[in-house]
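Each chain, written out:
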Amino acid sequence: NIMHLIENRKKSEELMVKSNLFAIMHHICQYSSPASGAELSLKNNYDKLKNLLVYIQSNYNSTITVKDAAAICGFSPSHFMKLFKELTGKSFSQYVIDYRLEIAAGQLIETSDKIIDLAENVGFHNASYFSRAFQSKYGETPSTYRNHYTADFTVFRS
């Protein structure tokens, strides 16, 4: 599955690859030799995080609060935020924003939906904020990104 995602080289698939890597980590931990208490705790944390990442993939267009995410993992919000950052390298809110932006980037190329509708569909309820966040991540506005990659995609398909 990871190789398929890499071969397609869609920018929107980066977080899907990460999710699959977490699934691999889960299976490695599940079938490895007995672990110490600390290792079991880490495995348990990865399992809980994996459940959250699956939830995010299914609900990225809805509001997902830190409190909701912490509850899914069974942690207090403060412990969850610390652990999430340690395990992913990003804050929870930045992870969700990045995931939504990657979905939006894929949809900009693959659909002709209006940008304002697309932003709303991926969970951004403020078009101005969406444009600023998109430009910050990709270095160009959503419309420029669409024009740039749609032109490249059209040439590639020919």
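Up top is the structure.
Computed from a predicted model, the values in this text were never measured in an experiment.

Draft legend 1. Just helix H8 (residues 127-138), in detail. Here H8 spans 16 Å end to end across twelve residues, near enough to the 16 Å set by a 1.5 Å rise per residue. Within the sequence span of H8, burial applies to Phe130, Ala133, Phe134 and Tyr138. Projected down its long axis, H8 carries its buried residues within an arc of 110 degrees, all on one side. Facing away from the buried side of H8 by more than 90 degrees, the exposed set consists of Arg132 and Ser136. For H8, the N-terminal capping position is held by Asn126, with its side-chain oxygen 2.9 Å away from the main-chain nitrogen of Ser128. At the C-terminal side of H8, Gly139 shows a positive phi close to 80 degrees.

Draft legend 2. Examining the packing of helix H4 (residues 66-73) against helix H5 (residues 77-88) more closely. At a closest axis distance of 9 Å, the pairing of H4 and H5 adopts a crossing angle of 85 degrees. By the angle class used here, H4 and H5 are roughly perpendicular. For the pair formed by H4 and H5, the contact residues are Val66, Lys67, Ala69, Ala70 and Cys73 on the first element and Pro77, Phe80 and Met81 on the second. Taken together, the residues of the contact of H4 with H5 break down into seven nonpolar, no polar and one charged.

Draft legend 3. Layout of H4. Three or more residues of H4 are buried, namely Ala69, Ala70 and Cys73. Here the buried residues of H4 occupy an arc of 100 degrees about the axis, which is enough to place them on one side. Across H4 from its buried face, at more than 90 degrees, point the exposed residues Lys67 and Ala71. Looking one or two residues past H4, Gly74 carries a phi angle of roughly 80 degrees, positive in sign.

Definitions and cut-offs
- Residues numbered from 1 in each chain as written.
- Predicted model: local features only at pLDDT ≥ 70, side-chain atom pairs only at ≥ 80, totals over all residues.
- Heavy atoms only, no water.
- Helix = DSSP H or I, 4+ residues; strand = E, 2+ residues; numbered from the N terminus.
- Expected span 1.5 Å × (residues − 1).
- Buried < 20%, exposed > 50% of the residue type's maximum accessible area, 1.4 Å probe, protein only.
- Arc of directions from axis to C-beta.
- Polar contact = N/O pair within 3.5 Å; in protein donor to acceptor, adjacent residues only side chain to side chain.
- Axes fitted to C-alpha atoms, helices over the stretch in contact; angles between N-to-C directions.
- Parallel < 35°, antiparallel > 145°, perpendicular 65-115°, else oblique.
- Contact = heavy atoms within 4.5 Å.
- Nonpolar A, V, L, I, M, F, W, Y, C, P; charged D, E, K, R; others polar.

This is a description of form; function is not addressed.
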